[in-house]
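The chain contents come next:
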Amino acid sequence: CMITIGLIDDHDLFRTSLRTLLTVSGFFSISIEAGDGEEFLSKLKSGKPIPDVILTDFQMPKINGKGLIERLRNKYPLVRIVVLSMFTHYHLVNSIIEAGASGFLSKSIKANALIDAISNVAAGKFVLSIDDSFQSVNISDINLIKSNHISLTPRQIDFLQLCANPSLTYKEIANQLNISPKTADRYRDELFKKLKITSRAGLLLYALETGFIPKK
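In this report, we go over the structure that sits alongside the text. Note that the structure is a prediction, hence the values are computed from the model and not measured. Along every chain, residues carry numbers that run from 1 in the direction the sequence is written. Predicted model: local features are reported for residues with pLDDT of at least 70 only, side-chain atom pairs are reported and counted for 80 or more only, and whole-chain, interface and lining totals are derived from all residues. Just so you know, side-chain values use all the structure's heavy atoms and leave hydrogens and water out.

For helices the rule is a DSSP run of H or I covering at least 4 residues; for strands it is a run of E covering at least 2, with both sets numbered from the N terminus onward. Looking only at helices and strands, the chain features 10 helices and 7 strands. Here the globule rule is a power law, 2.2 Å times the number of residues to the power 0.38, and the radius of gyration is based on C-alpha atoms. Taking 2.2 N^0.38 as the reference for a compact globule, 216 residues should give roughly 17 Å; the C-alpha atoms of the chain span a radius of gyration of 18 Å, in line with that estimate. Each residue is assigned to one of three classes by its accessible area relative to the maximum for its type, calculated with a 1.4 Å probe on protein chains only: buried under 20%, partly exposed between the two thresholds, exposed over 50%. Here the chain, with 216 residues, has 49% of them falling under the buried criterion. What sets the accessible areas is the Shrake-Rupley method with a 1.4 Å probe; for residues, cover comes only from the shown protein chains. Accessible surface for the chain amounts to roughly 10600 Å². Of this, 53% is attributable to carbon and sulfur atoms.

By salt bridge we mean one thing: a side-chain nitrogen of Lys or Arg within 4 Å of a carboxyl oxygen of Asp or Glu. In the structure shown here, the tally under the stated rule is 11 salt bridges. A salt bridge links Arg188 to Asp185, with the shortest nitrogen-to-oxygen separation between them at 3.4 Å. Highlighted residues: Arg188 and Asp185, both in helix H9 (residues 181–195), separated by 3 residues, approximately one helical turn. By relative accessible area, which is 31% here, Asp185 ends up partly exposed. Between Arg188 and Asp189 there is a salt bridge, with its nearest N and O atoms 3.2 Å apart.

Its location among the elements puts Ser108 in the loop between strand S5 (103–106) and helix H5 (111–122). Note on Ser108: relative accessible area 47%, which makes it partly exposed. Through-space distance from the C-alpha of Ser108 to that of Met86 is 7.1 Å; in sequence the pair is 22 residues apart. Only heavy atoms enter the contact rule, under which two residues are in contact if any of them lie within 4.5 Å. Beyond its immediate sequence surroundings of up to four residues, Ser108 is in contact with Asp131 and Asp132. Identification of polar contacts relies on pairs of N or O atoms within 3.5 Å, with a donor-acceptor requirement for protein atoms, meaning one able to donate a hydrogen and the other able to accept it, and with residues adjacent in sequence counted only if both atoms are side-chain atoms. A distance of 2.7 Å separates polar atoms of two side chains, one belonging to Ser108 and the other to Ser106.

Next up on the list: unusual backbone geometry. Here Lys62, not a glycine, exhibits a phi torsion of approximately 75 degrees, which is positive. Looking at the element boundaries, Lys62 is found in the loop between strand S3 (53–56) and helix H3 (65–75). Of note, the phi angle at Asn178 is positive, near 55 degrees, even though the residue is not glycine. Locating Asn178 in the fold gives a position in the loop between helix H8 (170–177) and H9. Of the residues examined, Asn178 reaches a relative accessible area of 70% and is grouped as exposed.

All right, on to the nonpolar core then. Take the buried residues of types Ala, Val, Leu, Ile, Met, Phe, Trp, Tyr and Cys, join any two whose side-chain atoms come within 4.5 Å, and each joined set is a nonpolar core. One finds Phe40, Leu72, Ile96, Phe159, Leu203 and Leu204 to be the most contacted residues of the largest nonpolar core, which totals 53 residues. Here this core takes 7 residues from helix H10 (residues 200–210), the largest share from any one element. Excluding residues that lie within four positions of it along the chain, Ile96 makes contacts with Phe58, Ile69, Val83, Ala101, Gly103 and Phe104. By size, the runner-up hydrophobic cluster in this structure holds 19 residues, among which are Phe28, Leu105, Leu114 and Ile118.

On to the pairing of strand S2 (residues 28–34). Strands pair, by our definition, only if DSSP identifies at least two bridges between them. Bridge count between strand S1 (residues 3–8) and S2: 6 bridges; the pairing is parallel. Considered in S2, the bridge of Ile8 is made with Ala34. The parallel pair S1 and S2 is bridged by helix H1 (residues 12–25), and the resulting crossover is right-handed. Consider the strands pointing away from the viewer: the crossover is right-handed when the path from the first strand over the helix to the second runs clockwise.

To continue, consider the side chain of Asp57. Residue position: Asp57 is located in the loop between S3 and H3. Not counting residues up to four positions away in its chain, the partners in contact with Asp57 are Ile8, Asp9, Asp10, His11, Gly65, Leu84, Ser85 and Lys107.

Now the structure itself:
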């Protein structure tokens with residue numbers, strides 16, 4: 001069964017490229033396309049059926065991604081919305097999670113990973129990407145993370161907090177902690193094992209949901 005997609009982005013070239021990519025894949029059909037949130041809401045109001053998955057930019061004129069998510073979720077509580085953005089700061093990720101999105105994807109994500117991520121969202125998963133790949137999480141597991149109190153050492157917490165900043169490479173994290181890159185790799189692997197997480201995006205989500213980094 002074809003997954004219907006709503007596309008919202010104020011950059012025509014990006015939107016056209018994304019439409020072509022998704023259509024050519026054979027898994028998706030574009031049911032609504034708009035240059036901003038107001039236009040999208042207007043098309044829904046005119047009677048167009050709500051798509052299975054809505055892909056939207058965050059920084060747009062008239063209404064930003066968070067405002068659009070809140071308005072859509074208020075009227076269509078079961079809607080699945082994914083934000084695509086060039087900006088991957090954890091405050092932005094947290095903002096769209098709290099607004100009720102089904103995922104956050106970096107615009108640097110690879111084409112095949114994007115297709116897989118959208119399919120995961122359509123199947124009821126939450127997806128998160130801060131680079132060219134993504135992590136898929138059961139939506140019910142996001143709340144479980146909050147109550148999953150695992151004991152971390154102060155040094156592991158320092159490392160986790162720095163890992164949650166997408167702008168820092170592992171080498172830069174090592175420099176800030178005054179440790180070698182090899183030691184940084186060991187800290188990362190220890191956290192992956194202890195938290196049962198397999199990606200840096202997963203560390204970001206864990207840090208957000210457990211309060212190890214501030215929410216704004």
